[in-house]
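# Structural characterization, general
This is what each chain is made of:
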Number of protein chains: 6
Amino acid sequence: MTLNKDLRIGRHAILLLLSDQPAEQMKKLEQSNWKGCVGKVGSMDAHKVVAAIETAAKKNGIIQTDVYRESHALYHAIIEALHGVTRGQVQLGSILRTVGLTFAVLRGNPYINEQEGEWIAVSLYGTIGAPVKGSEHETIGLGINHI
Amino acid sequence: MTLNKDLRIGRHAILLLLSDQPAEQMKKLEQSNWKGCVGKVGSMDAHKVVAAIETAAKKNGIIQTDVYRESHALYHAIIEALHGVTRGQVQLGSILRTVGLTFAVLRGNPYINEQEGEWIAVSLYGTIGAPVKGSEHETIGLGINHI
Amino acid sequence: MTLNKDLRIGRHAILLLLSDQPAEQMKKLEQSNWKGCVGKVGSMDAHKVVAAIETAAKKNGIIQTDVYRESHALYHAIIEALHGVTRGQVQLGSILRTVGLTFAVLRGNPYINEQEGEWIAVSLYGTIGAPVKGSEHETIGLGINHI
Amino acid sequence: MTLNKDLRIGRHAILLLLSDQPAEQMKKLEQSNWKGCVGKVGSMDAHKVVAAIETAAKKNGIIQTDVYRESHALYHAIIEALHGVTRGQVQLGSILRTVGLTFAVLRGNPYINEQEGEWIAVSLYGTIGAPVKGSEHETIGLGINHI
Amino acid sequence: MTLNKDLRIGRHAILLLLSDQPAEQMKKLEQSNWKGCVGKVGSMDAHKVVAAIETAAKKNGIIQTDVYRESHALYHAIIEALHGVTRGQVQLGSILRTVGLTFAVLRGNPYINEQEGEWIAVSLYGTIGAPVKGSEHETIGLGINHI
Amino acid sequence: MTLNKDLRIGRHAILLLLSDQPAEQMKKLEQSNWKGCVGKVGSMDAHKVVAAIETAAKKNGIIQTDVYRESHALYHAIIEALHGVTRGQVQLGSILRTVGLTFAVLRGNPYINEQEGEWIAVSLYGTIGAPVKGSEHETIGLGINHI
């Protein structure tokens, strides 16, 4: 059940966000039969962050639109990533703060054992703060789930 | 109050953990008058994770041992980082899970405006899972505070 | 202080929801001098779930409208039941999910000792999921309070 | 993606706990190609509740012992069920309370669409209260996950 | 249902803790037919804080020892007060912090309407911080429940 | 690092709220080179409570408007105080409750050691309850942060 060192899905999902060349990095990952996408979202509404990631994942064929188990796996990975971003209450505008985030979704098997099947990682990186330009600091989140 | 793009403290704190050459990266950061350290901790007790990071930060002179405001700033950054790692309840063994983490602590001014003074970032990266070898997935956390 | 095995208020509150004949079940409970009601609510707003239950409980004479201590007891039972339904954050639409629930409110003494007085149980059963038909799974919650 | 009305896995998981004849109920469910087990656990340690359920699920062949994705699915279902039981903090003895629970684990496909594959439900029912005999009320929890 | 301005139970419970003459203040409150007590507890274990308050309330006859509904009301008031003290996770030593607290428990009717019956207030005031002398700041909490 | 008994910032911040003569009390505190203000806010929106306190603190010169580190310190003190008020979920109208609060913000050094620098305390006192007149009880919160 050991993690494959070269295929640590969470590490790759974060490096995609911090990279200067996400497109090239993604190509390499696709050569390992992984699927993925990156995107951006800024909002005071947590549900818009969730929606932006779900939409991107469906549009890019990372999850199947009409299979609930895949949406369910992705949803929980998103909410887990939001815990890292919000650190206590999964709330933004309702407690007067806003986020500007890039996100990545990756899908593939990070384990040596093939039986472990596919997993999904959602990473978030950006800023969180008051709805005033510059009144913000960085934030990060990672959610991982079997799919 | 804008963040200095080259001195994003959270980004650097995470890249330190994901780097193959943390020592070299740290040297570069020290040239920007930043202080920092990296370390490792594995435990089923969240308080041991907190203690390992606090001890490392004090030993490496990143915070002053006898000034409570500095400990206070670091403590809250650690707990915020643990939110990303634990995603819901800041608990490990009490709900039957364990972590194996690397951590970094960075201190410096990430803003263009010098008045913003020093900030501290705590980053965590590793695995979380059942206390059974291999039954784990990756996890990450980042806490940032003014100091 | 022991629970009366035949008058376990939480068990009855849930069986009412899962029953094919809630009206008959309620009649039996009323013969034990219990009061109760059942209802339905679907919403993306947690506050509408709270309001629907409070309104039903007042309309059916289960709590006194003009005595705050009774509203207070009911409110906390509802919020506790919502913890079971939401499992982590008492939030629905703000994290892009919706519920379709049946609810029951029961009032009576579940203890052998008469001094224990009256208690109130709120049970919830239904589905939770994305605001897309069929993208949902079941959920349940139970809150119990002295009244 | 609609739920199959006769195969609502959460409803069955709870009815198993509230039934006077769980063994017979389980037989019927097994005729639908479902797997399941029931058990009991009483503790002031949340991690012992988790361990008791995991052990029962493995011993009864409901999840595969050596495939982490199955343990991962079960673990999150257990923690979600514990949210219903604990209603706020997933803590027992650390805030001076104890539980006496029966639990059920069910595995099968509750959806009409076969593509939805297998899901797992963990239900908990019993009492929670002070570590003093009789100072307790009922509690319930349900966690559902794709597996 | 309006609060009686002279009998605001929460305000009195806090003033007792901040007073230089709690004994005299208590006497005045007792003249309004209220019951109450004050005490001290220092610990890294949240359950010891709960136990200290419960024991004091029982010893001083503020709640009846053998009636669970009274223990239940007090327990929830204590946990609510601990939320104010801990501000996020009701945990002390498990996240490496300790408290030194004074507490008060008051019982009486704070409403003009006699039908509102008796309520209980638990107030906490003291310090929270690292298990190092002086590395701490003040903290307060208040829980109120019908009884 | 010991707290200066006469300058316990949390105690003073609460006494300001419970005092019949807040203006006189504030004058005394200003003689110790402390800054502070008091105000009122009633709302079903937590973000309006946050905004009211931030605006008052800026208008009264307690924090510098254009220095993010000061806003950051204040924001976290407010959210911590709201934990005491809300006791579980930092939510008001979204779970059908409202608050009527007075607040105080104090800034100064509560420690004997001058190196500890300035700290900020936010205290909240008032009522919380259903959006129905009189259906409410008292609530309190205190947040303290280094600034």
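On a predicted model such as this, the values are computed, not experimentally measured, just so you know.

## Thoughts on the interface of chain A and chain B
Each partner contributes residues to the interface: chain A has 30 residues there, and chain B has 30 residues. For the chain A and chain B pair, buried surface summed over both sides reaches about 2600 Å², with 62% attributable to carbon and sulfur atoms. Counting across the interface, chain A meets chain B through two salt bridges. For the side of chain A that touches chain B, the secondary structure elements donating two or more residues are α1 (9-18), α4 (68-86), β3 (119-129) and β4 (136-146) of chain A. Here the side of chain A that touches chain B takes eight residues from β4 of chain A, the largest share from any one element. Considering only residue class, the side of chain A that touches chain B consists of 12 nonpolar, 10 polar and eight charged.

## Re the interface of chain D and chain E
Accessible area lost on assembly of the parts is the figure often given for the size of an interface. Taken together, the contact between chain D and chain E spans 13 residues of the former and 14 residues of the latter. Together, Q89, I95 and L96 of chain D form the three largest contributors to the area buried by chain D at its contact with chain E, with a combined 50%. Counting every contact that joins chain D to chain E gives zero salt bridges. Class assignment of the residues belonging to the side of chain D that touches chain E gives a composition of three nonpolar, eight polar and two charged.

## Comments concerning the sheet that holds strand β3 (residues 119-129) of chain E
All names here are of chain E. The strand order across the open sheet formed by four strands is β1-β2-β3-β4, and the pairing between neighbours is antiparallel. With partners counted over all chains shown, the strands left at the sheet margins are β1 (35-43) and β4 (136-146), one partner each. Each neighbouring strand pair of the sheet contributes to a mean axis angle of 15°, computed without reference to strand direction.

## Quick look at the sheet that holds strand β2 (residues 98-108) of chain A
Residues and elements named next belong to chain A. Strand order across the open sheet formed by four strands is β1-β2-β3-β4, with antiparallel pairing between neighbours. At either margin of the open sheet sits one strand with a lone partner, and together these are β1 (35-43) and β4. Ignoring which end each strand starts from, the neighbouring axes of this sheet average 15° apart. Pairing geometry for β1 and β2, over nine bridges, is antiparallel. Bridging from a neighbouring strand, K40 pairs with T102 of β2. The sheet contacts of α1 involve β1, β2, β3 and β4, and relative to β2 the element is tilted by about 135°.

## Concerning the packing of aromatic side chains
Within this structure, the stated rule accounts for 18 aromatic pairs over all chains. Ring plane angle 70° and centroid distance 5.9 Å describe the contact between Y68 of chain A and Y111 of chain D, whose orientation is recorded as edge-to-face. Residue Y68 of chain A is located in helix α4, and its partner Y111 of chain D is located in the loop between β2 (98-108) and β3 (119-129); the two belong to separate chains. Classification of Y68 of chain A as buried rests on a relative accessible area of 4%. With a relative accessible area of 3%, Y111 of chain D lands in the buried category. Every member of this aromatic cluster is reached through a ring pair, and the members are Y68 of chain A together with Y111 and W119 of chain D.

## Some details on the pattern of salt bridges
Oppositely charged side chains are able to pair whenever their charged atoms sit close together. For the coordinates displayed, the defined rule picks out 24 salt bridges over all chains. Here E70 of chain A and R107 of chain A are joined by a salt bridge, their closest N and O atoms 2.9 Å apart. Of this pair, E70 of chain A sits in helix α4 while R107 of chain A is found in strand β2, placing the two residues 37 residues apart along the sequence. In terms of burial, E70 of chain A and R107 of chain A fall into one category: buried. E80 of chain C serves as the salt-bridge partner of R87 of chain D, at 2.5 Å between the closest nitrogen and oxygen. Highlighted residues: R87 of chain D in the loop between α4 (68-86) and β2 and E80 of chain C in helix α4 (residues 68-86), drawn from two different chains.

Procedures and definitions
Residues numbered from 1 in each chain as written. Chains lettered and ligands numbered in written order. Predicted model: local features only at pLDDT ≥ 70, side-chain atom pairs only at ≥ 80, totals over all residues. Heavy atoms only, no water. Contact = heavy atoms within 4.5 Å. Buried area = accessible area lost by both parts, 1.4 Å probe. Salt bridge = Lys/Arg side-chain N within 4 Å of Asp/Glu carboxyl O. Helix = DSSP H or I, 4+ residues; strand = E, 2+ residues; numbered from the N terminus. Nonpolar A, V, L, I, M, F, W, Y, C, P; charged D, E, K, R; others polar. Pairing = 2+ DSSP bridges. Axes fitted to C-alpha atoms, helices over the stretch in contact; angles between N-to-C directions. Phe/Tyr/Trp six-rings, centres within 6.5 Å; stacked < 30°, edge-to-face > 60°. Buried < 20%, exposed > 50% of the residue type's maximum accessible area, 1.4 Å probe, protein only.

These figures come from the coordinates and say nothing about function on their own.
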